[in-house]
Amino acid sequence: MAFKTNITLGLIGNYCNFPDVQLVDGGSLVANYTISASVSLNQLKLPSAYSYINDAAVIAAIDMVNESNDILPNVHVNVKRFTDCGGYYPGVLELYNGYSGGYAGSIMSNEIGLSYTDVVGVIGIEYSTTARNVAEVLSQYQIPYCSSGSSSPRLSNKNRYPYFFRTLTSKGLGRHIYQLLKVWNVKRVAILFQRDDDMGIQFGFDIFETMSQNSVRVVANLGIPSAMDTDDLQYVRQQILQNDARYIIVSGQSAFTSAVYYAMANVGLVGDKYVWIGYNTPANVISSQDMNVYKSIQGFILFIQQPPDITTPSFKAFHERVLQLAEITKPDLTAEVLADSSYIGAAPSFDCVMAMLIGFDQFLRKTGFSVVALANRELQQFLNYTVFRQTKHVGLDAVLDFNEYGDLLLSYQVTYFNGDYYNQTVFGHTSSDATAFLASNSASVKFNDGSSIPPSDGSKSSPVLHSYTGRTAEGLALIVVSTLGILASLSSALFIIMNHKNKFIKASSVHESLVIVLGCCTVFVALLFWVDDLTAIKCRFRQTLLSIGYCLATSTIVCKNVLLVCMFGKEKPARKPVKLIAAARGFNITLVGINFLLGIWSVFFGPVTIAISLADAQNSYFKTCQAAKTSIASTLLYYYNILLGLSLLPILFLVTKRAMGIT
């Protein structure tokens, strides 16, 4: 067996949550952390389940790398656990919020930097409030730190945190929220942020800045303490009512979001005229709230990092490893719970380990440095976040690529609470670059009153859904025009067939004339797919039929006139017109066939979503077809049809020139 070099990763977490944990020499190193079936089953009932299962996810990733011959071969990865909040104390599960870990975190950071020099990288499962200090000190010690729990935009500052990166989305959340507000035509919002929590403050600023840059008026921007009292809540209520705020964005931890939301629900500020939006779930119910919690929570809009696909082989293998480590079964910890970023959400912790260790591996292969030098901390000056930016490894959440801020490039999933317990329904997602909101094909949003129509933002009356139905003048006009067009096309075809021996009809070319009429008829049929409510299948038929109808008519006109130029373009007519006619028709069939295949490829095998557009002048909105992403096929089809249309110009010029010559 080949000799293996040992390297060590530090694992930072809230180990003060666990009563049996002991610390080495009163410092931060955890001495006797235990994972067993009984401990696991007990922890899953407690708020500390997040820390416990994410710890198991880290160990699962380290075990997988140690078993691999492809990642860091001849290397054994060890782990040392460090507490950022000291030892256990009574009430810690209710009291610890990141701030009280300041002193303990400072001790821990310096111990990792100075005392435990075998630690070459750190994985953190911390509050942002604690991580901002830890990440800064570790950057000074040039120790790479990947976080799966700290999402504050403050940590995106690479001048201050050059060794910090994370398997989380962060900076730019406001731009993602804005894409949904833009679809709903919302121009007025209020922001409530947790003023003593770093994540709440920083995301609140991020959202405020985005709204201001995009002409969305922030009518109230209120900082509220975590330990809010009656006066604080009364002030919030007065400000919402005084400014007539209808769309309210909450920035803070889950407990804060819950406290504010249910307090406002108790005083009537949740209902059909209000839309509440947040990035942390308000499912931490305050037991004293006297209300129907599930009815109150209905319609709350939640932005969450796009969760992993639990059906993939990689996630299934990850799930099995966590279950084996925790000595529990699938009913105890389902794949859905393991992936749920609003509860356990352990995939980012697994991906953090993989990103760091694969980054180490790729760096050593690229530079030729030895793993011994890595283990001895001789390479730390090179190991800032840029080493891990583009590993191209496919993680559980996404390809592990990070932006210039060290944040994971990933979209946000957008859900609403549907009133059935704490269950949510996905109604869309944003693009990873925050330039679009893409609605789901299978579900539309339902607000607190069950309506799918976005309420007014307070600046105007509520918009109404606009569609072309038989009950509207536009819809009736569309139906009449389409029907008349289809009847005219069929009548023309019948006339041509019945008089095909007439010399004037024969002179116009019976077959080509019928194909042109068929193309026109196809376009009129396509127009009928604008009638009534829009669905994904209607989007597909719209594009396919319009493209085919256009191509049938245009390509036939092109080929027919090319034939005329070939036959009569010289002083003497062509001697073999039959062959020319066959060639022209064959070319026509080829043009239509290419269009048809590109249309089928781009429409029926590409992702199509139903987006919502709004018409300001009419104070209404309507649904439109929108591709989830631009495909090669749709791009080719677009330019193919343009070229087909442009080809008419030179051909018609030649035909006109020849006709004038004959005359």
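Conventions we followed
- Residues numbered from 1 in each chain as written.
- Predicted model: local features only at pLDDT ≥ 70, side-chain atom pairs only at ≥ 80, totals over all residues.
- Heavy atoms only, no water.
- Helix = DSSP H or I, 4+ residues; strand = E, 2+ residues; numbered from the N terminus.
- Buried < 20%, exposed > 50% of the residue type's maximum accessible area, 1.4 Å probe, protein only.
- Contact = heavy atoms within 4.5 Å.
- Areas by Shrake-Rupley, 256 points an atom, 1.4 Å probe, with all protein chains shown as cover.
- Pairing = 2+ DSSP bridges.
- Axes fitted to C-alpha atoms, helices over the stretch in contact; angles between N-to-C directions.
- Patch = residues over 30% accessible without salt bridge, like charges linked within 9 Å, V, L, I, M, F, W, Y side chains within 5 Å.
- Salt bridge = Lys/Arg side-chain N within 4 Å of Asp/Glu carboxyl O.
- Disulfide = S-S within 2.5 Å.
- Phe/Tyr/Trp six-rings, centres within 6.5 Å; stacked < 30°, edge-to-face > 60°.
- Lys NZ or Arg CZ within 6 Å of the ring centre and 35° of its normal.
- Expected span 1.5 Å × (residues − 1).
- Arc of directions from axis to C-beta.
- Left-handed = near helix turned anticlockwise from the far one by under 90°.
- Nonpolar A, V, L, I, M, F, W, Y, C, P; charged D, E, K, R; others polar.
- Core = buried A, V, L, I, M, F, W, Y, C linked by side-chain atoms within 4.5 Å.
- Polar contact = N/O pair within 3.5 Å; in protein donor to acceptor, adjacent residues only side chain to side chain.
- pLDDT = per-residue confidence, 0-100.
- 1 Å grid on protein atoms, 1.4 Å probe; cavity = no way out; pocket = protein on both sides within 12 Å on 5 of 7 lines; lining within 4 Å.
- Points joined across faces, edges and corners; volume = space filled by probe spheres on them.

1. What to know about the overall build of the chain
Counting its secondary structure elements, the chain contains 21 helices and 18 strands. In the chain, which comprises 663 residues, the proportion classed as buried is 51%. Intrachain contacts of the chain at a sequence separation of at least 6 include 69% that bridge at least 24 residues. As presented, the chain carries roughly 30200 Å² of accessible surface, and 58% of it is formed by carbon and sulfur atoms.

2. Describing the sheet that holds strand β5 (residues 164-166)
Here five strands make up an open sheet; going across it, the order is β2-β1-β3-β4-β5 and the pairing parallel. A strand with exactly one partner marks an edge of an open sheet, and here the two such strands are β2 (75-83) and β5. Sheet twist, expressed as the mean angle between neighbouring strand axes with direction ignored, is 25 degrees. The sheet contacts of helix α5 (residues 128-140) involve β1 (5-13), β3 (119-124), β4 (145-147) and β5, and relative to β4 the element is tilted by about 155 degrees.

3. Overview of a nonpolar patch on the surface
Where nonpolar side chains cluster on the molecular surface, the patch consists of Tyr638, Tyr639, Ile642, Leu643, Leu646 and Leu649 and spans about 660 Å² of accessible area. For the nonpolar patch, the element with the most residues is helix α20 (residues 632-646), which contributes five residues. Within the secondary structure, leucine 646 sits in helix α20.

4. Quick notes on the state of the cysteines
Counted by the stated rule, this structure contains two disulfides. Bridging cysteine 16 to cysteine 85, the disulfide has an S-S length of 2.0 Å. Handedness here is read from the sign of the S-S torsion; for cysteine 16 and cysteine 85, about -105 degrees, the answer is left-handed. Pair noted here: cysteine 16 is in the loop between β1 and α1 (37-43) and cysteine 85 is in the loop between β2 and α3 (92-95), with a separation of 69 residues, a long-range link. The class for cysteine 85 is buried, based on a relative accessible area of 7%. Note that cysteine 146 is cross-linked by a disulfide to cysteine 352, the S-S spacing being 2.0 Å. On the sign convention where negative is left-handed, the bridge of cysteine 146 and cysteine 352, at about -85 degrees about the S-S bond, is left-handed. Of this pair, cysteine 146 sits in strand β4 while cysteine 352 sits in helix α13 (residues 347-367), placing them 206 residues apart in sequence. Take cysteine 146: its relative accessible area is 0%, and that puts it in the buried class. With no disulfide of its own, cysteine 551 lies closest to cysteine 559 among cysteine sulfurs, the gap being 8.9 Å.

5. As for the packing of aromatic side chains
In the structure shown here, the tally under the stated rule is 27 aromatic pairs. Aromatic rings pair up to connect Trp184, Tyr247, Tyr416, Phe427, Phe437 and Phe447 into one cluster. One residue, lysine 171, lies across the ring of tyrosine 405, its end atom 5.4 Å from the ring centre.

6. Observations concerning the sheet that holds strand β13 (residues 412-417)
One open sheet holds the eight strands; their spatial order is β7-β6-β8-β9-β10-β13-β14-β15, and the pairing between them is mixed. Of all strands in the sheet, those bounded by a partner on one side alone are β7 (217-224) and β15 (437-439). Averaged over neighbouring strand pairs, the angle between their axes works out to 25 degrees when direction is ignored. Where helix α7 (residues 198-213) meets the sheet, its contacts fall on β6 (188-194), β7 and β8 (247-251), and the angle it forms with β6 comes to roughly 165 degrees.

7. A few points about helix α11 (residues 313-326)
In this model, α11 (14 residues) spans 20 Å end to end at C-alpha, consistent with the 20 Å of a helix rising 1.5 Å per residue. Among all positions of α11, only Phe315, Phe318, His319, Val322, Leu323 and Ala326 are buried. Along the axis of α11, the buried positions cluster into a sector of 135 degrees, meaning they face one direction only. Of the exposed residues in α11, those oriented more than 90 degrees away from the buried face are Pro313 and Gln324. In the stretch just after α11, glutamate 327 is the one whose phi turns positive, near 60 degrees.

8. What about unusual backbone geometry?
Its identity as a non-glycine residue notwithstanding, serine 215 has a phi of 60 degrees, on the positive side. Structurally, serine 215 can be placed in the loop between α7 and β7.

9. Brief notes about the packing of helix α2 (residues 49-67) against α13
At their nearest, the axes of α2 and α13 sit 7 Å apart, and the two run at 35 degrees to each other. Of the two elements, α2 crosses α13, and the hand of that crossing is right-handed. Facing α2, whose interface residues are Asn54, Ala57, Val58, Ala60, Ala61, Ile62, Met64 and Val65, α13 presents Ser349, Phe350, Val353, Met354 and Leu357. Grouping the constituent residues of the contact of α2 with α13 by class yields 11 nonpolar, two polar and no charged.

10. Overview of the nonpolar core
Counting 68 residues, the largest nonpolar core has Ile7 and Phe360 as its most contacted members. Look past the residues within four positions of phenylalanine 360 in its chain and what remains in contact with it is Ile7, Leu9, Leu72, Val120, Pro144, Leu374, Leu383 and Phe388.

11. Here we look at the environment of valine 353
Here valine 353 lies in helix α13. A relative accessible area of 0% means that valine 353 is categorised as buried. Residues valine 353 and leucine 9 lie 344 residues apart in sequence; the distance between their C-alpha atoms is 8.9 Å.

12. Side note on the side chain of threonine 425
Checked against the element boundaries, threonine 425 lands in strand β14 (residues 424-430). A polar side-chain atom of threonine 425 sits 3.0 Å from a polar atom in the side chain of asparagine 418. When neighbours within four sequence positions are excluded, threonine 425 is seen to be in contact with Val414, Thr415, Tyr416, Asn418 and Ala443.

13. A look at the confidence of the model for the chain
Here the chain shows a mean pLDDT of 85. Residues at 70 or above account for 89%. Confidence, read as mean pLDDT per element, is least for strand β17 (residues 608-615) in the chain (54) and greatest for β8 (97).

14. Examining the pattern of salt bridges
Scanning all chains against the criterion turns up 11 salt bridges. Where glutamate 136 meets arginine 160, a salt bridge forms, and the shortest distance between an N and an O atom there is 3.3 Å. Of this pair, glutamate 136 sits in helix α5 while arginine 160 sits in the loop between β4 and β5, and the two are 24 residues apart along the sequence. With relative accessibility at 39%, the residue arginine 160 sits in the partly exposed group.

15. What to know about empty space enclosed by the protein
In total, this model carries two cavities of 30 Å³ or more according to the counting rule given. Roughly 50 Å³ of internal volume is contained in the largest cavity. Surrounding the largest cavity, Tyr261, Val270, Tyr274, Val275, Trp276, Gln298, Gly299, Phe300, Phe447 and Asn448 form its lining. Split by residue class, the lining of the largest cavity holds seven nonpolar, three polar and no charged. One number sums up the size of the second largest cavity: a volume of about 30 Å³. Glu512, Thr556, Cys559, Lys560, Ala584, Arg585 and Asn588 are the residues that line the second largest cavity. Of all the elements in the fold, those that place two or more residues in the lining of the second largest cavity are α18 (536-568) and α19 (577-604). For the lining of the second largest cavity, the residue count by class is two nonpolar, two polar and three charged.

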